[in-house]
Amino acid sequence: MDPQSAIAQVKRAGLFRTQGLIGGKWMDAYDGKTFEVYNPATGEVLANVACMGKKEANDAIASAHAAFTSWSKLTTAERSKLMRKWYDLLIAHQTELGQLITLEQGKPVAEGYNEVLIGASCLEFFLEEVKHCYGDIIPQTQADRRMFVLKQPVGVVGAITPWNLPLAMALRKVSPAMACGCTVVIKPSELTPLSALAVAELALQAGIPPGVFNMVMGFAPEIGDAFLASPKVRAITFTGSTAVGKMLLAGAAQTVKKTSMELGGNAPSMIFDDADLEVTVKGLMIVKFFNCGQTCISPNRILVQEGIHDKFAAALTKAVQTLRVGHGFDEGVTQGPLINQAALHKIEALVEDAVSQGAKVLVGGKRHSLGLTFYEPTVLVDVTSDMLISSTEIFGPVLALQRFKTEEEAIHLANDSNAGLAGYIYTENLRRCWRVAEAIEFGIVGVNDGLIPAASAPFGGFKQSGLGREGSKYGLDDFLEIKYLCLGNMV
Ligand code: NAP
């Protein structure tokens, strides 16, 4: 398949939307402005999308606020039924949605199809989970009192999502919020708004009432400021860089909103002498090269014990050499382009800095011959903690191997970061597995495994990787208020 045929197929399915969605209506920017969305694999313009700002964001907030009264009063069963229709439509359109993701984000189309399933699994999980979201009865403190805990939806939620998994990240945020009875205004990244807009179209087709799900995109700081300033927005849920997350946290203080923050990572993979080589290479390859290394849980610091180091580096290099870089629609491609020139320059600078300080390139280490933002899958050895590549989130297809001697040293190196999202351990020693898993300061720990997130499992970080958890039963908490209800003189 070529990009033009994919665009035609998405258009035929009615899923190629370029306007914002406010109060159930597709809208241009009020001043008619648009911005261009590119295919990173070809550099071609895919679409001109409404470039919205403060006014449109405020109207979307007003629509969400008006819709909250009726949406929050529906029973969970009624909301779940509508959301199940939405889920069915997502699955029915998996092909077009997966293609749209590849068009605007660049990942291999098999990963695009998989992303649709990841996003849909969040929707399915939360439309079921909310049916088990109980309150409490507290033993009374006086004989004539009855004491209860009610859980109620927080209100309008402002959601801001990144470009790396543009469909899945949007659904991961709106699913728990809407299942609880909240209404949402979501702002996707200007780099990849099209797949989120297609999700919005399917929400309308599923019969989600006008105003419950709104989408605006364009001037990020204006839209973000509108969310922060409005007392009607009661929660902000953000996935993106730590720098923007900190700004939003500070801004949310103006009106004391609930906040949930999924921010940057700097994941260590700790490979001990007693690791199973095959399991380790397989686990690392899956999670590192998923989405071309552009995920927050991507292993960033590959810490390898000295006894296994050389054998492991050789096996890893061999595996990396089997990867195929190319356009996402081409047969057999396992790695697409980086999202943009800024990402490419950042990775070039990190590799250059490491090499200038003594790191060696075993494979890759440069731009790919395809040009644009394609970068060769890379393995570096002799990396040290003081190199920029160890303290920066690489967000690209580079494996940076650093040696260690003892378990204590590995734990110290792993925890020597402000980030605390994902960490990985490879060992066949059960006691070591427990010791290390308990000692490392990360919200998500994988042992002898690669791509571990699931809708049913909590996802989120320690330290500066964020606040709150997405997915799992805990994922509802950020969208609920707890109300203590005390009935006096009852008997
Ligand atoms: P980003 O630059 O922070 O952008 C994320 C979102 O924030 C985009 O929608 C962006 O809009 C918006 N934004 C930017 N400036 C803003 C402002 N002043 N006010 C309001 N919104 C603003 O991050 P990114 O480069 O897209 O994503 C990569 C980062 O996300 C990495 O650090 C990665 O680790 C992190 N991430 C974390 C998780 C997690 O679950 N912890 C998951 C995925 C990614 P525009 O794009 O339109 O400018």
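Residues numbered from 1 in each chain as written. Predicted model: local features only at pLDDT ≥ 70, side-chain atom pairs only at ≥ 80, totals over all residues. Heavy atoms only, no water.

A. Examining the sheet that holds strand β13 (residues 299-305) more closely. Judged by pairing direction, the sheet is mixed, and its seven strands sit side by side in the order β14-β15-β16-β13-β12-β18-β19 without closing on themselves. Unpaired on one side and paired on the other, β14 (360-363) and β19 (444-447) mark the two borders of the sheet. Averaged over all adjacent pairs, the angle separating strand axes in this sheet is 25°, with direction ignored. Pairing of strand β12 (residues 267-271) with strand β18 (residues 422-426) involves three bridges; the strand directions are parallel. When the bridges of β18 are listed, Ser 269 appears paired with Tyr 424. (Pairing = 2+ DSSP bridges. Helix = DSSP H or I, 4+ residues; strand = E, 2+ residues; numbered from the N terminus. Axes fitted to C-alpha atoms, helices over the stretch in contact; angles between N-to-C directions.)

B. Expanded view of the packing of helix α10 (residues 277-289) against helix α11 (residues 309-320). Axis separation between α10 and α11 bottoms out at 10 Å; the angle between their running directions is 50°. The pairing of α10 with α11 is recorded here as oblique in orientation. By crossing handedness, the relation of α10 to α11 is classed as right-handed. Packed against α10, whose contacting residues are Leu 277, Thr 280, Val 281, Leu 284, Met 285 and Phe 289, the element α11 presents Lys 311, Phe 312, Ala 315, Leu 316, Ala 319 and Val 320 at the interface. A per-class count over the contact of α10 with α11 returns ten nonpolar, one polar and one charged. (Parallel < 35°, antiparallel > 145°, perpendicular 65-115°, else oblique. Left-handed = near helix turned anticlockwise from the far one by under 90°. Contact = heavy atoms within 4.5 Å. Nonpolar A, V, L, I, M, F, W, Y, C, P; charged D, E, K, R; others polar.)

C. Focus on the UniProt feature "active site" (unreviewed entry) in the chain. According to UniProt, the "active site" (unreviewed entry) feature falls on Glu 262. Topologically, Glu 262 is positioned in strand β11 (residues 258-262). Apart from the residues lying within four places of it in its own chain, the contact partners of Glu 262 are Lys 173, Phe 238, Thr 239, Gly 240, Leu 421, Phe 459, Gly 460, Gly 461, Ser 465, Gly 468, Arg 469 and Glu 470. (UniProt positions renumbered as here; feature names shortened; annotations may be inferred.)

D. Representation of the layout of surface pockets. Volume-wise, the second largest pocket comes out at about 380 Å³. Lining the second largest pocket we find 22 residues, and of these Ile 118, Arg 172, Pro 453, Ala 454 and Phe 459 sit closest to its centre. Those elements giving two or more residues to the lining of the second largest pocket turn out to be α5 (109-129) and α6 (166-180). Per element, the largest residue contribution to the lining of the second largest pocket is four residues, and it comes from α5. (1 Å grid on protein atoms, 1.4 Å probe; cavity = no way out; pocket = protein on both sides within 12 Å on 5 of 7 lines; lining within 4 Å. Points joined across faces, edges and corners; volume = space filled by probe spheres on them.)

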